[in-house]
Amino acid sequence: ELIEEHPDYPVSRLCRLGHITRTSYYKWKSRPDNENDVLNKRIAEKVNQIHEEHPDMGYRRIRDTLEHDYDIRVNDKRVLRICRKKKIRSIIKHRYNCCTKPASDPAYIAENILNREFHSDKLNEKWVTDVSEFKYGTGEDERKGKIYLSVILDLCDRRPVAYVYGNHNDNSLVFTTFNKAIESAPGATPIFHSDRGYQYTSKEFRQKAHCIDNGPMEGFWGIMKREMYYGRKFRTKEELLKAIEKYMTYYTGKRVQRKLKVMTPMEYHERKLLERA
């Protein structure tokens, strides 16, 4: 296999280095592929394809995508061996820093009802929320700026129930997101969980929901920024917004998650609806 992977070197020299005869090599090369060899070649082709489309994926996510998109069911170790052989590695994950800082004088601090119980088997039972900052404009002649994205996730299907972006990280942004989520799920009465950012501890927000300290949202921001934001430059606000919209569509309808039994958030959501019917 190593000789096959180095066609620019003389076969005779590589055979000597490997302590095999040329006859043995050519006999091996002419042998018919068995089922295992055929499967490995197919896996390797798909792994390359997936990596080119999503260089952020590690071998576990590649394995899940093989199962979900191509009905190739193999274990993690097999995919890892192929990734190592092909020298495929995911891009480095950057650390996420939240932009909602704890209020210095919070008007209200809610009881931590969720208490880090971030699992839910029911839709609209537990929602988590946060706001994150995204910058655009890279050159001296380009207008630089930032937008703030507010998202509410359902802990059952990890689906963005609602998201809103704005030019300011303020109460209006989180109110609009909350109202949009309620409109999309009429009659829902979830536990609503956030960090202690000033937007969520104000008297105005206290009239709408109960809130406190986060976890799954930080994971969501880390995933999103690694996969569509870090390492890229957005020249204009419009270019950045287009990328966010595209990613949210991908995350909801295409990105499989092992915690969701190798389904996308929307697929898991639809399954839960059928169970409830």
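Structure first, text after, so check above.
Keep in mind it's a predicted model, so treat the numbers as computed, not measured. (Residues numbered from 1 in each chain as written. Predicted model: local features only at pLDDT ≥ 70, side-chain atom pairs only at ≥ 80, totals over all residues. Heavy atoms only, no water.)

(A) Looking closely at the overall build of the protein chain. Regarding its fold elements, the protein chain presents 11 helices and four strands. Every one of the 277 residues in the protein chain was classed for burial, and the buried ones make up 45%. Partitioning the contacts of the protein chain with sequence separation of at least 6, the portion at a separation of at least 24 is 62%. Per element, the accessible surface of the protein chain, about 16,900 Å² overall, is 48% carbon and sulfur. (Helix = DSSP H or I, 4+ residues; strand = E, 2+ residues; numbered from the N terminus. Buried < 20%, exposed > 50% of the residue type's maximum accessible area, 1.4 Å probe, protein only. Contact = heavy atoms within 4.5 Å. Areas by Shrake-Rupley, 256 points an atom, 1.4 Å probe, with all protein chains shown as cover.)

(B) Region of the structure containing helix α4 (residues 59-70). In a regular helix each residue adds 1.5 Å, so 12 residues correspond to 16 Å; α4 covers 15 Å between its end C-alpha atoms and thus fits that length. Tucked into the core, α4 has its buried residues touching α3 (35-53), α5 (76-85), α9 (216-228) and α10 (237-253). At the exit of α4 stands aspartate 71, carrying a positive phi of roughly 55°. (Expected span 1.5 Å × (residues − 1).)

(C) Summary view of the sheet that holds strand β2 (residues 145-154). Taken together, four strands build an open sheet; the order of strands is β3-β2-β1-β4 and the sheet is mixed. Of all strands in the sheet, those with a lone pairing partner are β3 (160-166) and β4 (191-193), marking the two edges. Direction aside, neighbouring strands of the sheet carry axes that sit 20° apart on average. Two strands pair when backbone bridges link them, and strand β1 (residues 126-136) and β2 are joined in this way by 10 bridges, in the antiparallel orientation. The residue bridging valine 131 from the neighbouring strand is serine 150, located in β2. Across the sheet, helix α6 (residues 171-184) is in contact with β1, β2, β3 and β4; its angle to β3 comes to roughly 150°. Packing of α10 onto the sheet brings it into contact with β1, β2 and β3, and relative to β3 it is tilted by some 175°. (Pairing = 2+ DSSP bridges. Axes fitted to C-alpha atoms, helices over the stretch in contact; angles between N-to-C directions.)

(D) Quick peek at the pairing of β2. Within β2, nine of the 10 residues are buried, leaving the element largely enclosed by the surrounding structure. With six bridges connecting them, β2 and β3 associate as antiparallel partners. Looking at β3, one finds that valine 151 is bridged to tyrosine 163. Linking two consecutive strands that pair antiparallel, namely β2 and β3, is a turn of five residues; a positive phi of about 55° is found at arginine 158 within it.

(E) Seen up close, the side chain of aspartate 154. Here aspartate 154 shows up in strand β2. Of the side chains with opposite charge, arginine 159 comes closest to the buried, unpaired aspartate 154, at an N-O distance of 4.4 Å. Polar side-chain contacts of aspartate 154 include one of 2.7 Å to the backbone nitrogen of asparagine 124. (Lys, Arg positive; Asp, Glu negative; His and termini not counted. Salt bridge = Lys/Arg side-chain N within 4 Å of Asp/Glu carboxyl O. Polar contact = N/O pair within 3.5 Å; in protein donor to acceptor, adjacent residues only side chain to side chain.)

(F) Summary view of the environment of tyrosine 251. Along the polypeptide, tyrosine 251 turns up in helix α10. Looking at tyrosine 251, the relative accessible area reads 3%, which means it is buried. Considering only alpha carbons, one finds tyrosine 251 and proline 265, 14 residues apart in sequence, at a separation of 7.6 Å. For tyrosine 251, the residues in contact, after removing those within four places along its chain, are Arg158, Pro160, Phe220, Gln257 and Pro265. A polar contact is formed between the side chain of tyrosine 251 and the backbone oxygen of arginine 158, at a distance of 3.5 Å.

Interpretation note: all reported values are geometric properties and have no functional meaning in isolation.
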